[in-house]
Amino acid sequence: MHLLLAPMEGLLDDVLRAVITPCGGYDYAVTEFARVSGTLLPERFFRRIAPELSSGSRTAGGTPVRVQLLGSDPACMADNAAQLAGLAPSGIDLNFGCPAPTVNRHRGGAVLLDEPELMHAITRAVRRVMPAEIPLTAKMRLGVRDAGRAVECARALADGGAAALVVHARTKDDGYRPPAHWPWVGRIAEAVRLPVVANGEVWNGEDWRRCRAESGVADIMLGRGAVADPFLARRLRGGQLEAPEPAARESEWLELRAMLGDFRERVLRKVVPRHAPGRIKQWLNLLRRNFPQAERLYQQIRGLSAMPEIDRVFAAAGIRVVPTSAGLAPVPGRAA
Ligand SMILES: Cc1cc2nc3c(=O)[nH]c(=O)nc-3n(C[C@H](O)[C@H](O)[C@H](O)COP(=O)(O)O)c2cc1C
């Protein structure tokens, strides 16, 4: 069985990947999408969303990282894929699932699910320019409004040369509203001859079990559930499906405290200080679904907007706070 860490633009970037993946459990992670629209993106663009390209396309925890492309012009997608392939990513993934209006207006992401011929052309054009040893995968939703063409879309990607498909079991119009329609993943898997990975609304071991049972698919990609519970994949690997007992949660929290300290430091290295509190609150907001200690921290910092204030709360909670007054040097090549 495979467990994959989902791409999540604006949430799961190189910083959070570096902090979460050492917990173990993931076969590979996918970056947030690189949007291709008419130009050849420079190398530094790919290195910015995937700094892991400089370390063998692996996170600090050793998890391989694949880079995702989003766009609608087959020739331009191919040019960019060739550029990206030159940086030796551990894989390239194509996005046919993004429901964001800004992306969809430019004929990118989930709206392409109404144009399976174009999905096929993009996949084929991209596969052609990539060295054989780099895998090409694709991620799709069930459709734009309904799942009527889901199988046709999956076949288009398979025939175009995708080596595996991740199916986020919702339509574009469903947005992120539960439920995810896991049985549809099974219908797609039966219709294509390539590995299919189920995705959507897997937050815990019980969801994982039901998703596998309802889809008949063994491999799962975790998105928000992985951020809300960084130990979920590790527990699933260990065969533990039930929620941890409070004592086990307490020891996970000790581990998580160290991770929060690491996260804070990495965020401060990457973003301008005024953006750091937002990133920290964003992660705690998801963590509080599972950790009462995170809920307490979140309530303490939610009204704060300056890092020194947040640092005081963190330090009082036993989180290691590396002094920043001297100013941490930004990591070269990363956006401020
Ligand atoms: C904030 C956010 C950003 C996302 N960005 C991407 C993206 O860049 N590429 C992509 O293929 N999917 C993206 N997704 C979709 C997720 O990869 C995943 O398919 C979706 O969240 C359902 O899985 P989950 O219920 O386990 O979170 C994003 C989802 C969220 C919540």
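Just above sits the structure.
Quick look at the structure, then. Please read these numbers as outputs of a predicted model, since none were measured by experiment. (Residues numbered from 1 in each chain as written. Predicted model: local features only at pLDDT ≥ 70, side-chain atom pairs only at ≥ 80, totals over all residues.)

**Observations regarding the nonpolar core**
Nonpolar side chains in soluble globular proteins generally cluster together in the buried interior.
Move 1: Among the nonpolar cores identified, the biggest contains 99 residues, and Leu157, Leu165, Val185, Val197 and Leu222 are the most heavily contacted of them.
Move 2: Residue-level mapping places this core at the junction of two domains, with at least three residues from each of domain 1 (3-237) and domain 2 (246-316).
Move 3: Val197 has contacts with His2, Leu4, Ala164, Leu165, Val166, Val217, Asp219, Ile220 and Met221, leaving out every residue within four places of it along the chain. (Core = buried A, V, L, I, M, F, W, Y, C linked by C-beta atoms within 7 Å. Buried ≥ 20, exposed ≤ 12 C-beta atoms within 10 Å, placed from the backbone. Domains from an automatic or database assignment. Contact = placed C-beta atoms within 7 Å.)

**Some words on the site of the ligand**
Move 1: Contacts to the ligand come from 22 residues, most closely from Ala6, Pro7, Glu9, Gly223 and Arg224.
Move 2: Of all elements in the fold, only strand S2 (28-35) and helix H9 (224-228) reach the threshold of two or more residues within the shell around the ligand.
Move 3: Split into classes, the residues belonging to the shell around the ligand amount to eight nonpolar, nine polar and five charged. (Near = placed C-beta within 6 Å. Helix = DSSP H or I, 4+ residues; strand = E, 2+ residues; numbered from the N terminus. Nonpolar A, V, L, I, M, F, W, Y, C, P; charged D, E, K, R; others polar.)

**Here's the deal with helix H11 (residues 246-270)**
Side chains of residues three or four places apart in an α-helix project in the same direction, reflecting 3.6 residues per turn.
Move 1: Taking 1.5 Å of rise per residue, the 25 residues of H11 would be expected to cover 36 Å, and the 34 Å separating its terminal C-alpha atoms lies within 8% of that figure.
Move 2: Of the residues making up H11, those classed as buried are Glu252, Leu256, Met259, Leu260, Phe263, Arg264, Arg266, Val267, Leu268 and Lys270.
Move 3: Taken together, the buried residues of H11 touch helix H1 (14-20), helix H12 (276-287) and helix H14 (307-316). (Expected span 1.5 Å × (residues − 1).)

**What to know about the packing of H11 against H12**
Move 1: As a packed pair, H11 and H12 sit with axes 9 Å apart at the nearest point and diverge in direction by 145°. Taken as a pair, H11 and H12 cross one another with a handedness that is right-handed. Contacts from Phe263, Arg264, Val267 and Leu268 in H11 reach Ala276, Arg279, Ile280 and Trp283 in H12.
Move 2: In terms of residue class, the contact of H11 with H12 is built from six nonpolar, no polar and two charged. (Axes fitted to C-alpha atoms, helices over the stretch in contact; angles between N-to-C directions. Left-handed = near helix turned anticlockwise from the far one by under 90°.)

**Description of the pairing of strand S4 (residues 92-96)**
Move 1: A large share of S4 lies buried, amounting to five of its five residues.
Move 2: As paired elements, strand S3 (residues 65-70) and S4 share three bridges and run parallel to each other. Pairing of Gln68 across the sheet is with Asp93, part of S4.
Move 3: Considered for its hand, the β-α-β crossover made up of S3, helix H3 (residues 74-85) and S4 is right-handed.
Move 4: Pairing of S4 with strand S5 (residues 136-140), which is carried by five bridges, proceeds in the parallel orientation. Paired with Leu94 across the two strands is Ala138, which belongs to S5. (Pairing = 2+ DSSP bridges. Right-handed = clockwise from strand over helix to strand, strands pointing away.)

Note that every value here comes from positions in space, so none of it alone points to a role or purpose.
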